[in-house]
Amino acid sequence: DFYFSDQRIMVLVNEGETTYGGSDLYIAFPKNDTAWGEPINMGPMINTKKDEDAPFLTPDGKALYFNSNGRDGRGAHDIYVSYRLDDTWRNWSEPENLGAPINASGYEFDFFLSRDGKWAFWGSDRVGGKCGNDLYRIDLEDCSVDIYPEGDLTVCKGDEIELEGGFLPGAGMAYQRLKNGSPI
């Protein structure tokens, strides 16, 4: 897994001699227009003795979302957020579990925010899904959560929910309209 930000920063996952345990998150910066510098481990505040994976860095480079099975959580892997404290890229706030309804008893992964900051999307194999690994979304303005690309469940942050829906085997997704008819 890796993530490129608008700031030409790459966040990547690696497992090896320089990790704190399982897979760790690293940051890399461009050396020039065609090469990247050596990845730098993001440090023990982010990385644990187990696995960190699926990074997403906000466009301003200040918030990092990722999943982990090395912290107390609700399921197999939970999604966390940590905030960058300085320009070294090794000093981060204590990661915060995003809680319900985003994290459930399953494996949550690949969290990301829409460019306008109105939606969050993530994958999960939680109980109640349709296909094992389903794509969920939450409207961050009105707390409505549904399975993407269809559904109609409304909850607010912190409520316990069991989501329904998912992609059917062989189904594809090319285009989606919001409930008000506007395109995503």
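Residues numbered from 1 in each chain as written. Predicted model: local features only at pLDDT ≥ 70, side-chain atom pairs only at ≥ 80, totals over all residues. Heavy atoms only, no water.

Draft legend 1. Seen up close, unusual backbone geometry. With an omega of 10 degrees, the peptide bond running from Ala 100 to Pro 101 counts as cis. Relative to the helices and strands, Pro 101 is located in the loop between β8 (96–97) and β9 (108–113). Even without glycine at this site, Ala 54 takes up a positive phi of about 50 degrees. For Ala 54, a relative accessible area of 7% gives the class buried. Unlike most non-glycine residues, Asp 110 shows phi in positive territory, near 55 degrees. Structurally, Asp 110 is set in strand β9. Judged by relative accessible area, which is 40%, Asp 110 ranks as partly exposed. (Helix = DSSP H or I, 4+ residues; strand = E, 2+ residues; numbered from the N terminus. Buried < 20%, exposed > 50% of the residue type's maximum accessible area, 1.4 Å probe, protein only.)

Draft legend 2. How the structure looks around the sheet that holds strand β6 (residues 63–68). Strand order in this open sheet of four strands is β5-β6-β7-β8, and the pairing throughout is antiparallel. Because the sheet does not close on itself, it has two edges, and the strands there are β5 (52–57) and β8. Both strand β7 (residues 78–83) and β8 contribute to a ladder of two bridges, which runs antiparallel. For Tyr 80, the partnering residue across the bridge sits in β8 and is Asn 97. (Pairing = 2+ DSSP bridges.)

Draft legend 3. View of the packing of aromatic side chains. As enumerated under the stated definition, the model contains nine aromatic pairs in all. Summarising the aromatic geometry, the rings of Phe 56 and Tyr 65 are spaced 6.3 Å apart at their centres and angled 45 degrees between planes, so their arrangement reads as tilted. Here the two residues Phe 56 and Tyr 65 agree in accessibility, since each one is buried. Considering the side-chain rings of Trp 122 and Tyr 136, the 5.8 Å spacing of their centres and the 20 degrees angle between planes classify their relative orientation as stacked. Taken together, the residues Trp 122 in strand β10 (residues 119–124) and Tyr 136 in strand β11 (residues 134–139) connect sequence positions 14 residues apart. For Trp 122, a relative accessible area of 0% translates into the label buried. Taking relative accessible area as the criterion, Tyr 136 reaches 0% and is therefore assigned buried. Members of the aromatic cluster, each reached through a chain of ring pairs, are Phe 29, Trp 89 and Trp 92. In this structure, Arg 84 is placed above the aromatic ring of Trp 89, and the distance from its NZ or CZ to the ring centre is 4.1 Å. Just above the ring of Tyr 136 sits the side chain of Arg 126; from NZ or CZ to the centre is 4.8 Å. (Phe/Tyr/Trp six-rings, centres within 6.5 Å; stacked < 30°, edge-to-face > 60°. Lys NZ or Arg CZ within 6 Å of the ring centre and 35° of its normal.)

Draft legend 4. Representation of the side chain of Ser 82 in the model. You can see Ser 82 is positioned in strand β7. Classification of Ser 82 as buried rests on a relative accessible area of 0%. Of the polar contacts made by the side chain of Ser 82, one reaches the backbone oxygen of Ser 93; its length is 2.6 Å. Among all residues touching Ser 82, those that are not within four sequence positions of it are Ile 46, Lys 62, Ala 63, Leu 64, Phe 66, Trp 92, Ser 93 and Pro 95. (Polar contact = N/O pair within 3.5 Å; in protein donor to acceptor, adjacent residues only side chain to side chain. Contact = heavy atoms within 4.5 Å.)

Draft legend 5. Focus on the nonpolar core. Tyr 65, Ile 79, Leu 98, Ile 102, Phe 111, Leu 113 and Trp 122 are the most contacted members of the largest nonpolar core, which totals 13 residues. Those elements that place two or more of their residues in this core are β6, β7, β9, β10 and β11. Apart from the residues lying within four places of it in its own chain, the contact partners of Ile 102 are Ile 79, Glu 108, Phe 111, Trp 122, Arg 126 and Ile 138. Core analysis: the next-biggest nonpolar cluster, separate from the first, contains twelve residues, Ile 27, Met 42, Leu 64 and Trp 89 among them. (Core = buried A, V, L, I, M, F, W, Y, C linked by side-chain atoms within 4.5 Å.)

Draft legend 6. Highlighting the environment of Trp 119. Its place among the elements puts Trp 119 in strand β10. Residue Trp 119 is classed as buried on the basis of its relative accessible area of 13%. For Trp 119 and Asp 139, which are 20 residues apart along the polypeptide, the C-alpha to C-alpha distance reads 4.8 Å.

Read these as spatial facts, not as claims about activity.
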